[in-house]
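Per-entry structural report
Okay, here's what each chain looks like letter by letter:
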Amino acid sequence: MEEKRTNSGPELLVSLERGSGRPLRAQLEDALRAAVQQARLRPSDHLPSTRALAADLGCARSVVVDAFAQLVAEGYLVARAGAGTVVAPRAGAGLRPAPSRPAEPTYRYDFRPGVPDLRLFPRVAWRRATAEALDSAPAATLGYIDPAGARPLRQALAGYLARVRGVAASADEVMVVAGIAHGLGLLYRALRVAGVAEMAIEEPGGAEQRMLVRRSGLEPVPVDVDGEGLRVDDLERTGVRAVLVTPAHQFPLGAVLSPRRRAALVDWARRRDGLIVEDDYDAEYRYDRRPVGAVQGLAPDRVCYLGTASKTLAPGLRLGWLVPPPVWAGRIVEVRRRTDLGTSVVDQLALARLIDSGNLDRHLRRTRPVYRDRRDALVRALNAHLPEATVSGVAAGLHAVVRLAAGTDEQRVLRSAAQRSIRVAGLSPAYLRGSSAGCGLVLGYAGVNESAMPEAISMLAEAVHET
Ligand SMILES: Cc1ncc(COP(=O)(O)O)c(C=O)c1O
């Protein structure tokens, strides 16, 4: 089998198989027909010249001329005098293109949880960090590097996580991943390989995180959460030996895992040979409470710690980090070698620069008060327009949980809000067993300006009261 590309004119990937018994002309016709049908070649796309394509495929030009002529006759191609051959304007019409995801609707007020204000992304600092990283990186850095990540970022993260989150890890123990979701996927695969079948998760917890557990072939087992975070006695009862937990800011309810629960959780892991998977997704944002360190700092041998740049910078960067206990590190690297070869090294080096230069800290110091003001405006507006609602989980993070009066229909509220161009998330998907706590909303307030909050919430209140 030969696979060649043209080296003049538009690029076109066509493969011809010599010795297959099928004439080259027929093979070329089939390949071009398929390219049009599968929309790899689209209406009005230019084809290479017959001379270039023949040279590229190593066949006589007449083979290409004849194949083009046949496809012109079939209506797939159009020959334009002096302008070469193009795909016919309506070629492939009636054929269904590969399914694509519908475009996300845009909302006037978007309270989608889990996304920071992307307008606040530190573009200038990031551009500078990227330029510095590119200027100083030796050529070898751009090759296939250690899938665990670029050395400068692992070093920067080890220092940053120790300083800001109390994580105990050397650079060797930090692994760079494409966000927490990627890190969890790797860990779950390693758990499956080791024969683990169940994963305890918080109830309520992140619906996406629960789906990831399931899609990775593990059975999610719900464990109750209360005002002190995960109920370790409930975890104990399940008999499961691995648990996913959000200690710094329980998702979605917002509790901090209390000191005695932290101690109980670590004690559980030691007694049961258990694994604590710590999802530290938004701990950098806290407003009126003291910072709480990561559980990992209390028991590095028992905790697999995960963090992300998705909330502090932007989810689109797809940059996160994983600090597994030593016994799991090698197994995760093994999974990774078989599944991917790491994340973009340029972005890794840029993040290392951003951290080392102090610009990430500066960005956090600049954005924290912005989000705190939005949170305050949200709470004020909720008190004014939805006084019957109970608001919780607002001491930290970028979202609030709002429980509505008994009997309110969550789905109807979501629909009615969407009709007013307001996006909010319901609380019920956070429950695996279903909730008895009634209707609730999860409001990510990071993307709504302080000045717009009163109008946004008064419109949301209208949506609630209409149902
Ligand atoms: C609780 C929680 N964990 C993890 C994530 C995923 O983060 P990442 O973008 O790093 O995959 C999210 C995203 O919203 C989240 O809410």
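Everything below is about the structure shown above.
What this report covers is the structure whose coordinates are included nearby.

Structural notes on the sheet that holds strand 15 (residues 399–403)
Read across the sheet, 4 strands follow the order 14-15-18-17 without closing on themselves; strand pairing throughout is antiparallel. The outermost strands of the open sheet, each flanked by one partner alone, are strand 14 (390–392) and strand 17 (425–426). Inspection of the sheet shows strand 15 paired to strand 18 (residues 440–444) by 5 bridges, in the antiparallel sense. By the bridge assignment for strand 18, R403 is matched with G440.

Side note on the site of the ligand
The full set of residues close to the ligand is G114, G179, I180, A181, Q209, F251, D279, Y281, T308, S310, K311 and R318. Take D279: an N or O atom from its side chain is 2.5 Å from a nitrogen atom of the ligand. At a separation of 2.6 Å, an oxygen atom of the ligand approaches a polar side-chain atom of K311. Its residues placed into classes, the shell around the ligand shows 4 nonpolar, 5 polar and 3 charged.

Here we look at the layout of surface pockets
There is about 1300 Å³ of room inside the largest pocket. As for the largest pocket, its lining consists of 43 residues, and the residues nearest its centre are R112, P113, E208, Q209 and F251. Those elements that place two or more of their residues in the lining of the largest pocket are helix 6 (180–193), strand 7 (198–203), helix 7 (207–215), helix 13 (410–419), strand 16 (422–423) and strand 17. When residues of the lining of the largest pocket are assigned to their parent elements, the largest contribution, 6 residues, is made by helix 7. Reported here for the second largest pocket is a volume of approximately 340 Å³. In terms of lining, the second largest pocket is formed by 18 residues, of which the most central are V196, R241, D273, L275 and W328.

Description of helix 3 (residues 61–73)
Its 13 residues give helix 3 an end-to-end C-alpha distance of 18 Å, which sits within 8% of 18 Å, the value for a rise of 1.5 Å per residue. Among all positions of helix 3, only V63, V64, A67, F68 and L71 are buried. The arc that holds the buried residues of helix 3, viewed along the axis, is 125°, so those residues lie on one side. Those residues of helix 3 that are buried lie in contact with helix 1 (24–37), helix 2 (50–57), strand 3 (77–80) and strand 4 (84–87). Just beyond helix 3, the residue with positive phi is G75, at close to 90°.

Focus: the pairing of strand 8 (residues 219–226)
The pairing of strand 7 with strand 8 spans 6 bridges and is parallel. Of the residues in strand 8, the one forming a bridge with M199 is P220. Handedness of the crossover joining strand 7 and strand 8 through helix 7 is recorded here as right-handed. Bridge count for strand 8 against strand 9 (residues 229–230) is 2 bridges, and the pairing is antiparallel. The residue of strand 9 that forms the bridge with D226 is G229. If you look at the hairpin formed by strand 8 and strand 9, you'll find 2 residues sitting between the two strands.

Considerations on the pattern of salt bridges
Summed over all chains, the structure comprises 34 salt bridges. Of the charged contacts, one joins R165 and D280 as a salt bridge, the two residues approaching to 2.6 Å between their closest N and O atoms. Note that R165 is positioned in helix 5 (residues 151–165) and D280 in the loop between strand 11 (275–279) and strand 12 (303–308), a separation of 115 residues in sequence. Classification of R165 by relative accessible area gives buried; the value is 3%. Notably, a salt bridge pairs R375 with D376, separated by 2.9 Å at the nearest N-O pair. Residue classification places R375 among the buried positions, given a relative accessible area of 5%. Several salt bridges converge on common partners, so that one network encompasses R22, R25, E29, D30, R33 and E74.

Definitions and limits used
Residues numbered from 1 in each chain as written. Predicted model: local features only at pLDDT ≥ 70, side-chain atom pairs only at ≥ 80, totals over all residues. Heavy atoms only, no water. Pairing = 2+ DSSP bridges. Helix = DSSP H or I, 4+ residues; strand = E, 2+ residues; numbered from the N terminus. Near = heavy atom within 4 Å. Polar contact = N/O pair within 3.5 Å; in protein donor to acceptor, adjacent residues only side chain to side chain. Nonpolar A, V, L, I, M, F, W, Y, C, P; charged D, E, K, R; others polar. 1 Å grid on protein atoms, 1.4 Å probe; cavity = no way out; pocket = protein on both sides within 12 Å on 5 of 7 lines; lining within 4 Å. Points joined across faces, edges and corners; volume = space filled by probe spheres on them. Expected span 1.5 Å × (residues − 1). Buried < 20%, exposed > 50% of the residue type's maximum accessible area, 1.4 Å probe, protein only. Arc of directions from axis to C-beta. Contact = heavy atoms within 4.5 Å. Right-handed = clockwise from strand over helix to strand, strands pointing away. Salt bridge = Lys/Arg side-chain N within 4 Å of Asp/Glu carboxyl O.

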